Amino acid sequence: MSGDTHPPAVQHMAQHVLGQLQAHRLRCPPSLRPTPLFVGVQGPQGSGKTFLTSRLRAYLSSPPHALAVTVLSIDDLYLPHSELRNLAESHPHNILFQGRGQPGTHDVPLGTSVLKNLKKINEVDAGTVDIPFFDKSLFNGQGDRVSHGETVEGPVDVVVLEGWCVGFFPTSNEFVEERWKEPVPTLEPDTFDMKTFVSVDHVLAVNERLKRYVEWWNALDAFIQIKGPSSAQLSIIYKWRLQQEHDMKAKNGGKGMTDDQVKTFVDRYIPGYVFFGDGVTKGLSGGGRTETSQLPSWLGKGLTVTIGDDRELLHASNF
């Protein structure tokens, strides 16, 4: 599949990965087989990150590059249904834990194991790696983990870890408390009011669980962030996700969420962007308010892809 058949955003993403892969291989000692290049891809609901990631994989795996690319979605690392239910029941008043999605609803040890095994997959006598699979259709849409999906065998050139909160870092309690008092950027209070939606304690509970995800982020060598324009960075998520739902319903005879249900769905993710989204470029700093700072491993190796209302490419820049 030739490069000019792919969306412009994918072409920028692919060139970024190819450049990072070349540099990654040069850093590897000549006596060792290079490990795969690990690339994080973060984008909000409805932005098309899964579509763009699949097209990226197709681009890189086709001639003339013919690379072996493995994609791991954090959506496939959710806790089993029984554990998601236990989490919800143990935090009955925290809407952020009522269902999958937030940091705290993933199986961190499982993800760590898969990433470590993929990191070693190019070694001599390395075994295969089973990629987990979470079936969102089970339990009336609540979902559950099934045995596994794809089985990966080396050599692998590129591993992509994609998800809405990939690269989000925890921050200090003080930073959460201060930001909770501020207006939500690009959203009017009648669209989303943080103070009536969640309490500070609810956000701090997610913040505490997000600390365990840093070991996932430490595996990443490069990064791609997909986002809307700064003037509508959060408000555009509602539009994208609603478009996505309408498109799906037009194709399946009207099965799906109502517009109000889509809004409620997106609402649950807004606190994550507000409190933790800066981590993609700032890392474990919280604006310099945490006792321990950690810059992202991908700084200097990141690409931001900014897209518009119809997901058209606006611009791409490095960070």
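All of the points below concern the structure found in this document. (Residues numbered from 1 in each chain as written. Predicted model: local features only at pLDDT ≥ 70, side-chain atom pairs only at ≥ 80, totals over all residues. Heavy atoms only, no water.)

### Quick word on the pattern of salt bridges
Within the structure shown, the criterion is met by nine salt bridges. Of the charged contacts in the structure, one is a salt bridge between aspartate 278 and arginine 179, with a shortest N-O distance of 3.0 Å. Taken together, the residues aspartate 278 in the loop between helix H11 (270–276) and helix H12 (279–282) and arginine 179 in helix H5 (residues 173–180) connect sequence positions 99 residues apart. Among the residues examined, aspartate 278 registers a relative accessible area of 28% and is labelled partly exposed. (Salt bridge = Lys/Arg side-chain N within 4 Å of Asp/Glu carboxyl O. Helix = DSSP H or I, 4+ residues; strand = E, 2+ residues; numbered from the N terminus. Buried < 20%, exposed > 50% of the residue type's maximum accessible area, 1.4 Å probe, protein only.)

### Concerning helix H2 (residues 49–61)
Taking 1.5 Å as the rise per residue, H2 with 13 residues should run 18 Å; its terminal C-alpha atoms sit 18 Å apart, in good agreement. Listing the buried residues of H2 in full gives Lys49, Leu52, Thr53, Arg55, Leu56, Tyr59 and Leu60. Down the axis of H2, the buried side of the element spans an arc of 165°, and every buried residue falls inside it. Turning to H2, the residues buried within the fold contact helix H1 (8–27), strand E1 (37–42), strand E2 (69–73), strand E7 (158–163) and strand E8 (222–227). (Expected span 1.5 Å × (residues − 1). Arc of directions from axis to C-beta. Contact = heavy atoms within 4.5 Å.)

### Things to note about the nonpolar core
Counting residues in each nonpolar core, the largest one holds 60 residues, and the members touching the most others are Leu118, Trp217 and Ile270. By residue number, the principal contributor to this core is helix H7 (residues 200–210), which donates six residues. Counting residues in hydrophobic clusters, the runner-up holds 28 residues, among them Val39, Val158, Trp240 and Val305. (Core = buried A, V, L, I, M, F, W, Y, C linked by side-chain atoms within 4.5 Å.)

### Describing the packing of H1 against H2
Between H1 and H2, the least distance of the axes is 9 Å, while the angle of their chain directions is 55°. Between H1 and H2, the interaxial angle falls into the category oblique. The crossing of H1 and H2 is right-handed. Contacts between H1 and H2 involve Ala9, Val10, Gln11, Met13, Ala14, Gln15, Val17 and Leu18 from the former and Leu52, Arg55, Leu56, Tyr59 and Leu60 from the latter. (Axes fitted to C-alpha atoms, helices over the stretch in contact; angles between N-to-C directions. Parallel < 35°, antiparallel > 145°, perpendicular 65-115°, else oblique. Left-handed = near helix turned anticlockwise from the far one by under 90°.)

### Concerning the sheet that holds E8
Across the sheet, which stays open at both edges, the six strands sit in the order E2-E7-E1-E8-E9-E10 with mixed pairing between neighbours. In this open sheet, the two edge strands, each paired with only one partner strand, are E2 and strand E10 (313–318). The sheet shows a mean angle of 15° between the axes of neighbouring strands, taken without regard to direction. Where E2 and E7 come together, five bridges link them in parallel fashion. Across the sheet, serine 73 pairs through a bridge with glutamate 162, a residue of E7. (Pairing = 2+ DSSP bridges.)

### Details of the packing of helix H9 (residues 235–252) against helix H10 (residues 259–267)
Two elements in contact, H9 and H10, have axes separated by 10 Å at closest approach and are oriented at 135°. Between H9 and H10, the angle is such that the two are oblique. Once H9 is placed against H10, the crossing between them reads as right-handed. In this structure, H9 uses Ile237, Tyr238, Arg241, Leu242, Glu245 and His246 to contact H10, whose residues at the interface are Asp259, Val262, Lys263, Phe265, Val266 and Asp267. Among the residues forming the contact of H9 with H10, the class breakdown is six nonpolar, one polar and five charged. (Nonpolar A, V, L, I, M, F, W, Y, C, P; charged D, E, K, R; others polar.)

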